[in-house]
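Residues per chain are reported as follows:
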Amino acid sequence: MHAPTPSPSAPAAAVARSRQIAVTSLLALIALGLVWELWLAPVRPGGSWLALKVLPLTLPLAGLLKNRMYTYRWLSLMVWLYAAEGAVRASSDRGLSAWLAGLELLLCIVLFAACTHHIRSRLKAAGKEAIAADAARRAAEGGFPADPVPPPSS
């Protein structure tokens, strides 16, 4: 007995959901960096130049909004620089700054998970489409109707 196959819109929904989580967590990471270093717990009173650390995070925002796969791939690597900063400052800073560093680390993990899920979902959906297109092409070349792609065996 085969498990029910998910609807064709299920991969598209997973891709859209992971994209939304990635964009939201990236925006939250940018906002956190600015608020942290300018108002809540700056290194120096009155704000810190350390707020410029969020500038590299603005670069992938356009690629995420345009749904570019390459951006998801390199962002999933770049985010670990911010995760390292969050881990170091969570363990070395005191008070509110340590809590904000923990939040930064959490947002980095969410962003990484969303990026990797997005990449895997898109590749999986593209793979199924490629298999179906190949079967249709072979059927057209052979002059017979195309069979639907069989569900994966368990």
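For the structure itself, consult the block above.
A quick note: this is a predicted structure, and the numbers were derived from the prediction, not measured.

### Quick word on the overall build of the chain
Point 1. Counting its regular elements, the chain contains four helices and zero strands.
Point 2. The linear arrangement of helices and strands in the chain, starting from the amino end, is α-α-α-α.
Point 3. Carbon together with sulfur atoms contributes 69% to the accessible area of the chain, which is approximately 9,800 Å² in total.

### Quick look at helix α4 (residues 96–142)
Point 1. For α4, built from 47 residues, the straight-helix expectation of 69 Å at 1.5 Å per residue is met to within 8% by its first-to-last C-alpha distance of 69 Å.
Point 2. Gly 143 lies just past α4 and shows a positive phi near 80°.

### Section: the nonpolar core
Point 1. In terms of nonpolar packing, the biggest core is built from 27 residues, with Ala 22, Leu 26, Leu 29, Leu 57, Leu 64, Leu 75 and Leu 111 touching the most fellow members.
Point 2. Put simply, the parts of the chain that give this core at least two residues each are α1 (9–40), α2 (55–65), α3 (69–92) and α4.
Point 3. Broken down by element, this core gets its largest block of residues, eight residues, from α4.
Point 4. When sequence neighbours within four positions are dropped, the list of residues in contact with Leu 111 reads Ala 22, Ser 25, Leu 26, Leu 29, Leu 75 and Val 79.

### Details of the packing of α3 against α4
The geometry of a pair of packed helices is captured by two quantities: the angle between their axes and the separation between those axes.
Point 1. Here α3 crosses α4 at 160°, and the two axes come no closer than 8 Å. As summarised for this structure, α3 and α4 are arranged roughly antiparallel, according to the angle between their axes. Handedness of the crossing formed by α3 with α4: left-handed.
Point 2. Of the residues in the contact of α3 with α4, the class split is 18 nonpolar, six polar and five charged.

### Focus: the side chain of Ser 25
Point 1. Relative to the helices and strands, Ser 25 resides in helix α1.
Point 2. Of the polar contacts made by the side chain of Ser 25, one reaches the backbone oxygen of Ala 22; its length is 3.1 Å.

### Focus on the environment of Gly 33
Point 1. The residue Gly 33 is located in helix α1 in this model.
Point 2. Through-space distance from the C-alpha of Gly 33 to that of Leu 55 is 9.7 Å; in sequence the pair is 22 residues apart.
Point 3. Other than its neighbours up to four places away in sequence, Gly 33 contacts Lys 53 and Val 54.

### A word on the packing of aromatic side chains
Point 1. Per the counting criterion, the structure on display carries one aromatic pair.
Point 2. Looking at Lys 53, its charged tip hangs above the ring of Trp 36, at a distance of 4.1 Å from the centre.

### With respect to the side chain of Glu 104
Point 1. Relative to the helices and strands, Glu 104 is located in helix α4.
Point 2. The charged side chain of Glu 104 is buried without a salt bridge, its nearest counter-charge being Lys 53 at 4.2 Å.
Point 3. Excluding residues that lie within four positions of it along the chain, Glu 104 makes contacts with Leu 29, Leu 32, Trp 36, Lys 53, Tyr 82, Glu 85 and Gly 86.

### Describing α2
Point 1. All buried positions along α2 are accounted for by Leu 57, Pro 60, Leu 61, Gly 63 and Leu 64.
Point 2. Count one or two residues on from α2 and you reach Asn 67, which has phi positive near 60°.

Criteria and cut-off values
- Residues numbered from 1 in each chain as written.
- Predicted model: local features only at pLDDT ≥ 70, side-chain atom pairs only at ≥ 80, totals over all residues.
- Heavy atoms only, no water.
- Helix = DSSP H or I, 4+ residues; strand = E, 2+ residues; numbered from the N terminus.
- Areas by Shrake-Rupley, 256 points an atom, 1.4 Å probe, with all protein chains shown as cover.
- Expected span 1.5 Å × (residues − 1).
- Core = buried A, V, L, I, M, F, W, Y, C linked by side-chain atoms within 4.5 Å.
- Buried < 20%, exposed > 50% of the residue type's maximum accessible area, 1.4 Å probe, protein only.
- Contact = heavy atoms within 4.5 Å.
- Axes fitted to C-alpha atoms, helices over the stretch in contact; angles between N-to-C directions.
- Parallel < 35°, antiparallel > 145°, perpendicular 65-115°, else oblique.
- Left-handed = near helix turned anticlockwise from the far one by under 90°.
- Nonpolar A, V, L, I, M, F, W, Y, C, P; charged D, E, K, R; others polar.
- Polar contact = N/O pair within 3.5 Å; in protein donor to acceptor, adjacent residues only side chain to side chain.
- Phe/Tyr/Trp six-rings, centres within 6.5 Å; stacked < 30°, edge-to-face > 60°.
- Lys NZ or Arg CZ within 6 Å of the ring centre and 35° of its normal.
- Lys, Arg positive; Asp, Glu negative; His and termini not counted.
- Salt bridge = Lys/Arg side-chain N within 4 Å of Asp/Glu carboxyl O.

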